Amino acid sequence: MNSRLQWIDYIKAFCMIGVYLYHSRIYFSMEIPDYNLWLSPFYVNAFFFVSGYLFFRKQYSNKSWNNNIITNFKDQSSSFLNILFRVVIPTILFSIILYFPKILFHSNQFNFKDFTIETFGGISFWFTSAFAVAQIFLLLLICFGINNLKKMLLSSFMLFIVGLYLNSLNETPITAATYFPWYYKTGLVYTFLMTLGGLYWRFEKNIDSLMKWGWIPLVIIYFTILAYIWDGKPIATMGLGGKCSALGFIELIIGILLIIKACKYIKHAKLLEFIGQNSIIFYFFSGFLPAVFSVIAHKASFPITYISSLLIALISISFGILITFIINQYLSFLIDFRQLSKPA
């Protein structure tokens, strides 16, 4: 079950492209409604969903669970180590690398407490931090005997409710400490979406059959909701803050199903495969690059238009691809320290 699924790589690629588009708009100071409106319900959420698909595909294809908690922890040790070496450590490392350019960009002074919270506290990169937390909680559920999909759905839904409640208690103004440590409250929320990804894996053929023509009414519903919120009626669709409204949940699920439908039609898109297969590296530079090129665009007196914002995103994505290629070729240990112990 180690074969890659191209459509999942494509979805991850589109999610990362969506992040670059979003950050380009933010750093370029475009406050008017724009293309991010129809991307925001699903562009990050789809990543968690398909990651849940892969998580449960792996876990349920290699069942070795029993009622012995210690044995379960031993069986899952490699999964815990993968999260540590492929998500947690790279998140800390790239947080440290980019921390100093970030404080220069914001004209801030170095503060050791802030540095510690943002790097070792997992606050610099909410996406990978919440992703690590969500995976850890799902593995813990398995280790403690929640070993079938029905139980997992119920348990992760309870974690989802707890996460929503805890995030609803966040006081304003929002600071880094609000989400310390490691966006654990947002991670709790995303356990349920990842489990729904597992549910999709379990009933993939049935759902895809329904989507053969079912995508048409879903498109209508999706854009009807967008039209509803266009006039300033906000809906919460999870993301960094880990908040979700009923309408927002419907919108994000529809968006995920539609992007899955679209990506299953794509054949042999090498660039999308590359971005999807290296999505974590790509993500680490998704704030830095749009910020740099937005500053350059402002100094060059670019007009604040959609075209300028899209151009900044395109340039940022291009440099993200270049940086990712260099890291893969010469600095691959940065994304998994275990590679240092492998023979050259």
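Keep in mind that this is a model prediction, so the values were computed, not measured.

Caption draft 1: Main features of the packing of aromatic side chains. A complete count under the given rule lists 42 aromatic pairs for this structure. Measuring from centroid to centroid gives 5.5 Å for Y99 and F100, while their planes differ by 90 degrees, and the two rings are edge-to-face. Ring centres 6.4 Å apart and planes at 35 degrees place the aromatic pair F112 and F115 in the tilted group. Here F112 pairs with F115, and both are found in helix α6 (residues 112-119), just three residues apart, close to one helical turn.

Caption draft 2: Inspection of the side chain of K12 at higher detail. For K12, the location among the structural elements is in helix α1 (residues 6-27). Leave out the neighbours within four places in its chain, and K12 touches F47, V50, S51, L54, G276 and S279.

Caption draft 3: Representation of the nonpolar core. W7, M16, F48, W126, F127, L193 and F285 are the most contacted members of the largest nonpolar core, which totals 97 residues. Discounting chain neighbours no more than four positions away, the residues touching M16 are F47, F127, I275, S279, F282 and Y283.

Caption draft 4: How the structure looks around the confidence of the model for the chain. Taken over all residues, the pLDDT of the chain has a mean of 89, while the share at 70 or more is 94%. Mean pLDDT in the chain bottoms out at helix α2 (residues 36-39), which sits at 72, and peaks at helix α9 (residues 184-202), which reaches 97.

Caption draft 5: Spotlight on helix α14 (residues 288-299). Here α14 contains twelve residues, and its C-alpha end-to-end distance of 17 Å stays within 8% of the 16 Å for a straight helix at 1.5 Å per residue. On its buried face, α14 is in contact with α1, α5 (77-105) and α15 (306-330). Looking one or two residues past α14, S301 carries a phi angle of roughly 60 degrees, positive in sign.

Caption draft 6: Looking closely at the packing of α5 against helix α7 (residues 126-143). Packing of α5 against α7 leaves a shortest axis separation of 10 Å and a crossing angle of 165 degrees. The pairing of α5 with α7 is recorded here as roughly antiparallel in orientation. The crossing of α5 and α7 is left-handed. Where α5 approaches α7, its residues S79, F80, I83, V87, V88 and T91 are matched on the opposing element by T128, S129, F131, A132, Q135, I136, L139, L140 and C143.

Caption draft 7: Expanded view of the environment of L93. With respect to the helices and strands, L93 occurs in helix α5. Setting aside anything within four residues of it in sequence, one finds L93 in contact with L334 and F337.

Caption draft 8: Seen up close, unusual backbone geometry. A cis geometry characterises the amide bond from F180 onward to P181, with omega recorded as -5 degrees. Topologically, P181 is positioned in the loop between α8 (149-168) and α9. In this structure, H268 takes a positive phi of about 55 degrees despite not being glycine. Note that H268 resides in the loop between α11 (246-263) and α12 (270-277). Its identity as a non-glycine residue notwithstanding, S301 has a phi of 60 degrees, on the positive side. Assignment of secondary structure puts S301 in the loop between α14 and α15.

Caption draft 9: Region of interest: α15. For α15, with 25 residues, the first-to-last C-alpha span of 36 Å sits near the 36 Å given by 1.5 Å per residue. For α15, the complete set of buried residues consists of S308, S309, I312, A313, S316, I317, G320, I321, T324 and I327. Of the surrounding secondary structure, the elements contacted by the buried residues of α15 are α1, α5, α12, α13 (279-284) and α14.

Here is what the cut-offs are and how they apply
Residues numbered from 1 in each chain as written. Predicted model: local features only at pLDDT ≥ 70, side-chain atom pairs only at ≥ 80, totals over all residues. Heavy atoms only, no water. Phe/Tyr/Trp six-rings, centres within 6.5 Å; stacked < 30°, edge-to-face > 60°. Helix = DSSP H or I, 4+ residues; strand = E, 2+ residues; numbered from the N terminus. Contact = heavy atoms within 4.5 Å. Core = buried A, V, L, I, M, F, W, Y, C linked by side-chain atoms within 4.5 Å. Buried < 20%, exposed > 50% of the residue type's maximum accessible area, 1.4 Å probe, protein only. pLDDT = per-residue confidence, 0-100. Expected span 1.5 Å × (residues − 1). Axes fitted to C-alpha atoms, helices over the stretch in contact; angles between N-to-C directions. Parallel < 35°, antiparallel > 145°, perpendicular 65-115°, else oblique. Left-handed = near helix turned anticlockwise from the far one by under 90°.

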